[in-house]
Amino acid sequence: MTARGVLMAGNEHDINRSAKSGRFVKESTTERNPRETTTEHVGGDKDGDREVHRSTTTGKFVKETTAELHPNTTETQHI
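Quick caveat, the model's predicted, so the values are computed rather than measured.

Please clarify how the sheet that holds strand β5 (residues 74-78) should be interpreted in this entry.
Hydrogen bonds between backbone groups are what pair the strands of a sheet, and the pairing can be parallel or antiparallel. Here three strands make up an open sheet; going across it, the order is β4-β3-β5 and the pairing antiparallel. Each end of this open sheet is capped by a strand with a single partner; those strands are β4 (61-62) and β5. Looking at chain direction, strand β3 (residues 51-55) and β5 are connected through five bridges and run antiparallel. Bridge pairing links V52 to Q77 in β5.

Would you explain the confidence of the model for the chain in this entry?
Where the model shows low pLDDT, its predicted coordinates should not be examined in detail. Per-chain confidence: the chain averages 78 in pLDDT, with 78% of residues scoring 70 or above. This model gives residues 1-8 a pLDDT under 50, and the stretch forms ten contacts once residues within four places in sequence are excluded.

Please clarify how the pairing of β3 should be interpreted in this entry.
The side chains of a regular strand alternate between both faces of the sheet. For β3, a buried count of four out of five residues is recorded, marking the element as mostly surrounded by other parts of the structure. As paired elements, β3 and β4 share two bridges and run antiparallel to each other. Paired with R54 across the bridge in β4 is F61. As consecutive antiparallel partners, β3 and β4 are separated by five residues, and within that stretch G59 has a phi angle of approximately 80°, a positive value.

Explanation requested: the packing of aromatic side chains in the structure shown.
Working definition: an aromatic ring pair is given by the centre-to-centre distance plus the angle between the planes. Applying the stated criterion to the full structure yields zero aromatic pairs. Over the ring of F24 we find R17; its NZ or CZ atom is 4.3 Å from the centre of that ring. Cation over ring: R54 sits above F61, and NZ or CZ is 4.6 Å from the ring centre.

Explanation requested: the pattern of salt bridges in the structure shown.
Charged atoms that come close allow side chains of opposite charge to pair. For the coordinates displayed, the defined rule picks out three salt bridges. For E40, the salt bridge goes to R17, with nearest N and O atoms at 3.0 Å. In this pair, E40 is assigned in strand β2 (residues 37-42) and R17 in strand β1 (residues 13-18), connecting sequence segments 23 residues apart. For the pair formed by E40 and R17, the shared burial category is buried.

Honestly, the side chain of S55 in this entry has me stumped. Any pointers?
Relative to the elements of secondary structure, S55 occurs in strand β3. Among the polar contacts made by the side chain of S55, one reaches the main-chain amide nitrogen of T57 at a distance of 3.2 Å. Sequence-distant contacts of S55, that is, excluding residues within four places in its chain, are made with K60, V62, T73 and T74.

What counts, and at which threshold
Residues numbered from 1 in each chain as written. Predicted model: local features only at pLDDT ≥ 70, side-chain atom pairs only at ≥ 80, totals over all residues. Heavy atoms only, no water. Pairing = 2+ DSSP bridges. Helix = DSSP H or I, 4+ residues; strand = E, 2+ residues; numbered from the N terminus. pLDDT = per-residue confidence, 0-100. Contact = heavy atoms within 4.5 Å. Buried < 20%, exposed > 50% of the residue type's maximum accessible area, 1.4 Å probe, protein only. Phe/Tyr/Trp six-rings, centres within 6.5 Å; stacked < 30°, edge-to-face > 60°. Lys NZ or Arg CZ within 6 Å of the ring centre and 35° of its normal. Salt bridge = Lys/Arg side-chain N within 4 Å of Asp/Glu carboxyl O. Polar contact = N/O pair within 3.5 Å; in protein donor to acceptor, adjacent residues only side chain to side chain.

Rendered as structure tokens:
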């Protein structure tokens, strides 16, 4: 069971990141600065190799097309 009281199976969990730097941050940082952080739900896939794209400027998820059009300002992650 997590701190939020949600039971998650296997390797499924939430991670918190700074929207500015993309670095991992503590949950307490996310609670203090919700507009400057993002929470991602990861894991739970059978293969564990899901690809997501994120803007390096805003930290928000973007579509694959956006990542292809703007490779210098997006990052691709395998989660």
